[in-house]
Amino acid sequence: MAVPGPLLRAYTSKALGELSDSGLASPGPSEELPVPHAFAAQGSFSANNSKRLSTKLKASIRLVANAKSAGDKIAATKRCVDYVRVLSAEMVQKAGIGHPGAPMGCAPMAHFLYGMEMKYDPTQPYWINRDRFVLSNGHASALIYSMLHLTGFDLSMEDIKQFRQMGSITPGHPERQETPGVEVTTGPLGQGISNAVGLALAQAHLGATFNREGFPLIDNYTYCIVGDGCLQEGVSSEACSLAGHLKLGKLICLYDANMIQIDGSTDVAFTEDVLMRYRSYGWHTLEVGRGDTANQDLLAAIRAAQQDERPSIIKVNTTIGYGLKKAGSHMVHGNPLGKDDLAGV
């Protein structure tokens, strides 16, 4: 099957890797890019909306498709990650309100999840065995909207432009049943990760009920990006303690450790060893020292978490507002960046 231009889902490395492995030649600028059947139906939103991709993004897709080694592929994804960062920041800039810092810092995590690890079909967003994604720090909603748009969900560029506007499907915080692809309404800190525990618990129950040897009908993962604020809340502690007790091994949380809260450094109020606490809950813990780029360490940590029978939390050390002049400062947490700073990203 072929669709006009590169499919939005082909923005990701997973689809491109399959294309490269198939031995297909990389398409020219005006050629059609063959895509796996699972990713779009002819005439679907994903197929029709693929024409919206910019020339530069098409070049990035070809760059990833042509990468021969795993290292080259990781390097090539930098351009895709940069598009996620800029699109998220532009959303906030146009609205005049929002949170650009966390989406820019978390972009590599989101890219690896949506682009290389999660299984889902944007044309069938409620497929029962899809991997679930929860953005616990819901104020970073521009991140999930960017990923849903780029991976072919029914979220158009016009929807992106209506970020935080009355009646839009891109509200300030993600809302279940308002935006295709959003699994959980998040906003109040601690709520998202607690719901992620619930989703993982549901998967474990359904799997125990319906799975048979050699036929894992329900085996989806629940992935969650969580910030310092969520981990400070008591409700998240209670839920995560239960997850450890029940050994919910299909739950993987990526902790955006940017060391910033609304008024400054987390050192003001939050100095505990988070990973030690989660180990006491019975969780598998990992740490990635370089979380600002799409690198092998981050991808390896996600894949190591998939192999463990316990729930996993990966502490990813990031820089809030990565790429900005004020990166690493609480000044980029909840304010539009300004055109000058954004132009330099």
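Remember, predicted model here, so these are calculated numbers, not experimental data.

**Quick look at the side chain of Ser136**
Alright, step 1. Along the chain, the position of Ser136 falls in the loop between β3 (132–135) and α6 (141–150).
Alright, step 2. Under the relative-accessibility criterion, Ser136 is labelled buried at 0%.
Alright, step 3. Setting aside residues up to four positions removed in sequence, Ser136 forms contacts with Thr186, Gly192, Ile193, Cys224, Ile225, Val226 and Cys230.

**What to know about the sheet that holds strand β5 (residues 251–257)**
Sheets are built from strands that pair by backbone hydrogen bonding, the pairs being arranged parallel or antiparallel.
Alright, step 1. In space, the five strands of this open sheet follow the order β3-β4-β5-β9-β8, with parallel pairing throughout. The outermost strands of the open sheet, each flanked by one partner alone, are β3 and β8 (284–288). The sheet shows a mean angle of 15° between the axes of neighbouring strands, direction not considered.
Alright, step 2. As defined by bridge partners, β5 adjoins strand β9 (residues 312–317) across six bridges and the pair is classed as parallel. When the bridges of β9 are listed, Ile252 appears paired with Ser312.

**What to know about the packing of helix α10 (residues 234–246) against helix α11 (residues 274–281)**
Alright, step 1. Where α10 meets α11, the axes come as close as 8 Å, and the angle between the chain directions of the two elements is 50°. Taken together, the axes of α10 and α11 lie oblique to each other. Facing α10, whose interface residues are Ser236, Ser237, Cys240, Ser241, Gly244 and His245, α11 presents Arg277, Tyr278 and Tyr281.
Alright, step 2. In terms of residue class, the contact of α10 with α11 is made up of three nonpolar, five polar and one charged.

**Points about the environment of Ser168**
Alright, step 1. Tracing the chain through its elements places Ser168 in the loop between α7 (157–161) and α8 (191–210).
Alright, step 2. For the pair Ser168 and Glu178, spaced 10 residues apart in sequence, the C-alpha separation works out to 8.7 Å.
Alright, step 3. A distance of 3.1 Å separates the side chain of Ser168 from the backbone oxygen of Gln162, its partner in a polar contact.

**Thoughts on helix α5 (residues 101–117)**
Given 3.6 residues per helical turn, the α-helix brings residues three or four places apart onto the same face.
Alright, step 1. Helix length check: α5 (17 residues) gives 24 Å between terminal C-alpha atoms against 24 Å at 1.5 Å per residue, within 8%.
Alright, step 2. Largest kink in α5: about 55°, centred on Ala107, with the proline Pro108 one to four residues after it.
Alright, step 3. A large share of α5 lies buried, amounting to 17 of its 17 residues.

**Here we look at the nonpolar core**
Alright, step 1. Core analysis: the biggest nonpolar cluster contains 46 residues, and Phe133, Ile225, Leu254 and Ile314 have the highest contact counts within it.
Alright, step 2. Considering every element that reaches this core, the biggest residue donor is α5, with nine residues.
Alright, step 3. Membership of the second largest hydrophobic core comes to 25 residues, among which are Cys230, Tyr255, Phe270 and Tyr281.

Rules used throughout
Residues numbered from 1 in each chain as written. Predicted model: local features only at pLDDT ≥ 70, side-chain atom pairs only at ≥ 80, totals over all residues. Heavy atoms only, no water. Helix = DSSP H or I, 4+ residues; strand = E, 2+ residues; numbered from the N terminus. Buried < 20%, exposed > 50% of the residue type's maximum accessible area, 1.4 Å probe, protein only. Contact = heavy atoms within 4.5 Å. Pairing = 2+ DSSP bridges. Axes fitted to C-alpha atoms, helices over the stretch in contact; angles between N-to-C directions. Parallel < 35°, antiparallel > 145°, perpendicular 65-115°, else oblique. Nonpolar A, V, L, I, M, F, W, Y, C, P; charged D, E, K, R; others polar. Polar contact = N/O pair within 3.5 Å; in protein donor to acceptor, adjacent residues only side chain to side chain. Expected span 1.5 Å × (residues − 1). Bend = angle between axes of the 7 residues up to and from the residue. Core = buried A, V, L, I, M, F, W, Y, C linked by side-chain atoms within 4.5 Å.

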